[in-house]
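Letter by letter, the chains look like this.
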Amino acid sequence: KQYIEIEKLRFGDEVSFNIEEPTDGSVDLKVPPLIIQPIIENAIKHGLMPSKLEQKELHVRILQDGKKTIIEVEDNGIGFKEGFTHNIGMSVTESRIKLLNTRNKIVIKSRMNPTIVQLILFNES
């Protein structure tokens, strides 16, 4: 949330930011610092900024699905280039989350229109 607040100051009305999270307290997962930030930064830097769209949008959704939490970062930018899998930032982030639980992963759910990257974190139990 703090990183998005900084980006709001930087881009003003050029980018619309939205965070959706359960309000019922169903998500009880502690995420180490700088895990979600590189994914959001990639969406802004590589997806939204090169886009010619008048209204650029970034949505972050936090979903609870049984024993896992899914953090979804969606943008309406230019998408991923053909053949893209992971960049260094995403690979380092994935390595870090696997230290917490080997089942944790990053998934590119949609490559464009919109681009959706999921961070899937399994709860300890």
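Look above for the structure.
Overview of the structure. (Residues numbered from 1 in each chain as written. Predicted model: local features only at pLDDT ≥ 70, side-chain atom pairs only at ≥ 80, totals over all residues. Heavy atoms only, no water.)

What to know about the nonpolar core
- If you look at the biggest cluster of nonpolar residues, it comprises 24 residues, and the most contacted ones within it are Ile40, Ile44, Leu58 and Leu119.
- If you list the elements that add at least two residues to this core, you get helix H1 (2–11), strand S1 (15–20), helix H2 (37–48), strand S2 (56–65), strand S3 (68–75), helix H3 (88–100), strand S4 (105–111) and strand S5 (115–122).
- The element that contributes the greatest number of residues to this core is H2, accounting for five residues.
- Those residues in contact with Ile40 that sit more than four places away from it in its chain are Tyr3, Ile4, Leu58, Val60 and Val73. (Core = buried A, V, L, I, M, F, W, Y, C linked by side-chain atoms within 4.5 Å. Buried < 20%, exposed > 50% of the residue type's maximum accessible area, 1.4 Å probe, protein only. Helix = DSSP H or I, 4+ residues; strand = E, 2+ residues; numbered from the N terminus. Contact = heavy atoms within 4.5 Å.)

Digging into the pairing of S5
- Most of S5 is tucked away, with eight of its eight residues classed as buried.
- Here S5 shows no split at all, with Thr115, Val117, Leu119 and Leu121 on one side and Ile116, Gln118, Ile120 and Phe122 on the other all buried.
- Where S3 and S5 come together, eight bridges link them in antiparallel fashion. Its bridge partner lying in S5, Thr69 is registered against Leu121.
- Hairpin remark: S4 followed by S5, antiparallel, with three residues in the connecting loop; positive phi at Asn113, about 55°. (Pairing = 2+ DSSP bridges.)

Description of H3
- Along its 13 residues, H3 runs 19 Å from first to last C-alpha, staying within 8% of the 18 Å computed at 1.5 Å per residue.
- Residues of H3 that are buried include every one of Met90, Thr93, Glu94 and Ile97, and no others. In an axial view of H3, the angular spread of the buried residues amounts to 100°, which keeps them on one side of the axis. Those residues of H3 that are exposed and aimed more than 90 degrees away from the buried face are Ile88 and Leu99. (Expected span 1.5 Å × (residues − 1). Arc of directions from axis to C-beta.)

Comments concerning the environment of Phe11
- If you trace the backbone, Phe11 turns up in helix H1.
- A residue is classified by how much of its surface remains accessible, and Phe11, at 12% relative accessible area, is buried.
- Here the alpha-carbon distance between Phe11 and Lys56, two residues 45 residues apart in the chain, equals 10 Å.
- Once residues within four sequence positions are removed from consideration, Phe11 is found in contact with Ile44 and Met49.

Bear in mind that shape data such as this cannot, by itself, settle questions of function.
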